[in-house]
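One letter stands for each residue in the lines below.
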Amino acid sequence: MNTFLTICLIALPLSLIMGFAAYLARQSAKGMPVKRTLALNVTAFVVVLLLAACFAFMVSAEGETTAVMTAAEKAASNESMGLGLIAAALVTGLAGIGGGMAVAAGAPAAIAAASEDPKSFGKSLIFVALGESIALYGVVISILILNKLV
């Protein structure tokens, strides 16, 4: 039963988000405006995230805590540690993808700006560094999650 709940908490929301993103990418290729595609994708992400949070809250509200840990509680503790590791991996991975997308958009623009006006190199370098900092924030949050588990 615990593995089923783990699958419901992790795999179902991720598959819904990825499926909806693929559908919107196909619609965007057919001619849907980019702003509408982005708005629908963000809305779907927030809705699925809220549903997963509500489901996780309902599942966690069912359990009771006691001072002495039984074998089942130790197993649940190990399972929550596994979920924490998955959360840390997702944070690092998604932040890395976001940072890569930001750098992919900012670096060519910075190169073009620097080639037209060499004085703008310092300003454009800041925007590329801001894109890279997104990935670093993900790593910091991942380290905080891993420290919480230990």
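Scope of this entry: the structure provided in the associated data block. Just so it is clear, the model here is predicted, and its values are computed rather than measured.

1. Thoughts on the environment of G122
Stage number 1. Examined against the element boundaries, G122 turns out to sit in helix 4 (residues 121–149).
Stage number 2. Sequence-wise, G122 and A110 are 12 residues apart; in three dimensions their C-alpha atoms are separated by 9.4 Å.

2. Brief notes about a nonpolar patch on the surface
Stage number 1. Residues L14, M18, I86, L90, L94, I97 and M101 make up a contiguous nonpolar surface patch of roughly 670 Å² in combined accessible area.
Stage number 2. Mapped by element, the contributors of at least two residues to the nonpolar patch are helix 1 (2–30) and helix 3 (71–116).
Stage number 3. Per-element accounting of the nonpolar patch gives the leading share, 5 residues, to helix 3.
Stage number 4. Along the chain, I97 falls in helix 3.
Stage number 5. In this structure I97 comes out as exposed when scored by relative accessible area, which is 51%.

3. A closer look at helix 4
An α-helix turns once every 3.6 residues. As a result, residues three or four positions apart point the same way.
Stage number 1. An ideal rise of 1.5 Å per residue puts 42 Å on 29 residues; helix 4 measures up with 43 Å between its terminal C-alpha atoms.
Stage number 2. Of the residues making up helix 4, those classed as buried are S124, V128, G131, S133, G138 and S142.

4. Comments concerning the environment of G138
Stage number 1. Looking at the element boundaries, G138 is found in helix 4.
Stage number 2. What G138 contacts, discounting residues up to four positions off in sequence, is V91, T92 and A95.

5. Regarding the environment of A109
Stage number 1. Residue position: A109 is located in helix 3.
Stage number 2. On the basis of relative accessible area, A109 is assigned to the partly exposed category, the value being 47%.
Stage number 3. Distance in space between the C-alpha atoms of A109 and S124 is 8.0 Å, their sequence separation being 15 residues.

Conventions we followed
Residues numbered from 1 in each chain as written. Predicted model: local features only at pLDDT ≥ 70, side-chain atom pairs only at ≥ 80, totals over all residues. Heavy atoms only, no water. Helix = DSSP H or I, 4+ residues; strand = E, 2+ residues; numbered from the N terminus. Patch = residues over 30% accessible without salt bridge, like charges linked within 9 Å, V, L, I, M, F, W, Y side chains within 5 Å. Areas by Shrake-Rupley, 256 points an atom, 1.4 Å probe, with all protein chains shown as cover. Salt bridge = Lys/Arg side-chain N within 4 Å of Asp/Glu carboxyl O. Buried < 20%, exposed > 50% of the residue type's maximum accessible area, 1.4 Å probe, protein only. Expected span 1.5 Å × (residues − 1). Contact = heavy atoms within 4.5 Å.

The values reported here are purely geometric and, on their own, carry no functional implication.
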